[in-house]
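Summary of the model geometry
The chain contents come next:
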Amino acid sequence: MSAVDAHAPATELGRHLQETLDWHFDPATGSRFWLGLAGGLGFDPRADIRSVADLRRFPDVGELLRTVPAEDLIPRGGTGTYEVFDSGGTTGTPKRVVDATSRVANADWCADVLDAHGFPARGHWLHIAPCGPHVVGRTVRRIAARRNGLFFTVDMDPRWVRKLLADGRGDLADEYVEHVLDQMEAIVATQDIRVLFITPPMLEAACARPAIYEALSERLEGLLWAGTSAGPETLRLIEETLFPKAKVCGIYGNTLMGIAPQRPREPGDEHPCVFRPYHPASVVEIVDPDTRAPVAYGERGQVLIHLLFRDMFLPNILERDTALRIAPAAGDVVDGIASVRPVTTEEIVEGVY
């Protein structure tokens, strides 16, 4: 059984799951998307789904998110201004989700987690990553605002880089990276940047440019990385050699699952970076892709997500990544996630994100 599973409605997860199902399958509050699918499910979600394990009875609707009208995803009972966000498109046409406040709450929680990592409470942020139509831009802007920093951005289009690499035009992809670095250099040369949000491939490219690296190595107090994975040797190089004065934290997440920041390290941790999902709104399991049963602790499996947001309900979504399942931290009940990497297929091209 997964450590995040719950068969007793009295648990926090059990209560949250029931509230989520009641909201999304009540004709007065649910979306056209789920209310339209409900009749063909063969079960009553509000009465028959009692645990995370039961969520496997739902179909994986990931493919439908590539074409569904966005307005059909908005719950009828929802309030506030809904925004539309796309996935990265690493497996084909991007998938689409909507959100009003749920992901803001996820971002606020992540901002609080950075306190445990010792991130500076003040200081300007520089974001070297996608902005629209990707949710990460809004998320990091929110985190920076919560931590009293101005938010500088250099937009990046990972889809274009992936297309260039897939088409064998690596030289043009390299030119695009230099274009991003030119903009980054202009900012770090004139602004007092204290926190950097960046992907590992772009960080490697930035550190190879002396003007950027020298400015950041002198001032940087926090480094938040996300996107493509960073292995133990890369993390050791970042923390001990490149930016020994900066607090370093990773984030795992995507448009569908929300944000899972790195949990603070504990004595005896085998893995230098273990991510902790936003429980109970985002339940992440590491499973056997054929059976969708959780693998044992320490084993590698595929990432299965159940998004239990008020703005969006996405159960039983098998993601493109594999990871190791890690036992919960002391005093916690939520599994950790380590050593994330994409499923090895020719269709996936990571590029700069």
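For the structure, see preceding data.
I will try to describe carefully the structure that is included in this document. Sequence order as written defines residue numbering, which begins from 1 separately in each chain. In view of the model being predicted, local features appear only for residues whose pLDDT reaches at least 70, and side-chain atom pairs are presented and counted only at 80 or more, with totals across whole chains, interfaces and linings using the full set of residues. Only hydrogens and water are removed before side-chain values are computed, so all heavy atoms of the structure are retained for them.

1. Concerning the overall build of the chain
Labels follow the DSSP assignment, with helices taken as runs of H or I lasting at least four residues and strands as runs of E lasting at least two, numbered in each case from the N terminus. When you go through the chain residue by residue, the secondary structure sums to 10 helices and 13 strands. A radius of gyration in this sense is built from C-alpha atoms; the matching globule rule multiplies 2.2 Å by the number of residues raised to 0.38. Expected size for 353 residues packed as a compact globule is a radius of gyration near 20 Å; at 20 Å, the chain falls within 12% of this value. Over its C-alpha atoms, taken along the principal directions, the chain stretches across nearly 60 × 45 × 40 Å. Residues classed as buried in the chain amount to 53% of the 353 residues present. Residues are treated as being in contact if the distance between any of their heavy atoms lies within 4.5 Å. Taking the contacts inside the chain whose residues are at least 6 apart along the sequence as the reference set, 69% of them involve residues at least 24 apart. In short, Shrake-Rupley with a 1.4 Å probe defines the accessible areas, and a residue's cover is counted only from the protein chains shown. Counting only carbon and sulfur atoms, one obtains 51% of the accessible surface of the chain, whose full area is about 14,900 Å². His is not counted, nor are the chain ends, whereas Lys and Arg count as positive and Asp and Glu as negative. Lysine's charge is taken at NZ, arginine's at CZ, aspartate's at CG and glutamate's at CD. Side-chain charges of the chain comprise 36 positive and 50 negative groups, with the mean position of each set lying 4 Å from the other. Only protein chains enter the accessibility calculation, which uses a 1.4 Å probe. A residue is then buried if its area is under 20% of the maximum for its type, exposed if over 50%, and partly exposed in between.

2. Focus on the environment of leucine 17
Along the chain, the position of leucine 17 falls in helix α1 (residues 12-24). Sequence-wise, leucine 17 and aspartate 321 are 304 residues apart; in three dimensions their C-alpha atoms are separated by 24 Å. Once residues lying within four places of it in the same chain are set aside, the contact partners of leucine 17 are Ile49, Arg50, Ser51, Val52, Leu55 and Leu308.

3. Overview of the layout of surface pockets
Estimates place the volume of the second largest pocket at around 150 Å³. A cavity, in this analysis, means grid points on a 1 Å lattice covering only the protein atoms where a 1.4 Å probe fits yet has no way out; a pocket is instead an open set bounded by protein on both sides within 12 Å along at least five of seven lines, and a residue lines either one if it has an atom within 4 Å of a point. Around the second largest pocket sit Trp109, Val113, Ala116, Pro261, Gln262, Arg263, Pro264, Glu266, Arg276, Ala329, Ala330 and Asp332, which together line it. With 3 residues, helix α4 (residues 102-116) is the single largest residue contributor to the lining of the second largest pocket. Classes in brief: Ala, Val, Leu, Ile, Met, Phe, Trp, Tyr, Cys and Pro nonpolar; Asp, Glu, Lys and Arg charged; the others, Gly included, polar. Counted by class, the lining of the second largest pocket contains 7 nonpolar, 1 polar and 4 charged residues. Grid points are joined across faces, edges and corners, and a volume is the space filled by probe spheres set on the points.

4. What to know about the side chain of histidine 279
Its place among the elements puts histidine 279 in the loop between β9 (274-275) and β10 (282-287). Ignoring any residue separated from it by four or fewer positions in sequence, one finds histidine 279 in contact with Glu12, Leu13, Val333 and Val334.

5. Some points on helix α10 (residues 232-242)
Taken together, the buried positions of α10 are occupied by Leu235, Ile238 and Leu242. For α10, the angular spread of buried residues about the axis comes to 110°, placing them on one side. Residues of α10 that are exposed and point more than 90 degrees away from the buried face comprise Glu233, Glu240 and Thr241. Looking at the buried residues of α10, the elements they touch are α8 (200-207), α9 (210-219), β6 (222-226) and β7 (247-254). Comment: arc refers to directions from the helix axis out to C-beta atoms.

6. Structural notes on the packing of helix α6 (residues 158-166) against helix α7 (residues 170-188)
The convention used is that axes are lines fitted to C-alpha atoms, helices contributing only their stretch in contact, and that angles between N-to-C directions extend from 0 to 180 degrees. Running from N to C, α6 and α7 cross one another at 155°; their axes reach a closest spacing of 7 Å. The angle between α6 and α7 falls in the class roughly antiparallel. Contact residues: Trp160, Val161, Leu164 and Leu165 in α6; Gly170, Leu172, Ala173 and Tyr176 in α7. For the contact of α6 with α7, a count of residues per class yields 7 nonpolar, 1 polar and no charged. Here is the rule for angles: anything less than 35 degrees is roughly parallel, anything more than 145 is roughly antiparallel, 65 through 115 is roughly perpendicular, and the remaining ranges are oblique.

7. Examining the sheet that holds β10
In sheet architecture, strand pairing relies on hydrogen bonds along the backbone and comes in two forms, parallel and antiparallel. In spatial order, the strands read β9-β13-β12-β11-β10; together these 5 strands make up an open sheet with antiparallel pairing. The open sheet terminates on both sides in strands that have one partner only, identified here as β9 and β10. Two strands are counted as paired when DSSP detects at least two bridges linking them. Taken together, the 6 bridges between β10 and strand β11 (residues 300-308) define a ladder with antiparallel strand orientation. Paired with valine 287 across the bridge in β11 is glutamine 302. Where α1 meets the sheet, its contacts fall on β10, β11 and β12 (313-326), and the angle it forms with β11 comes to roughly 60°.

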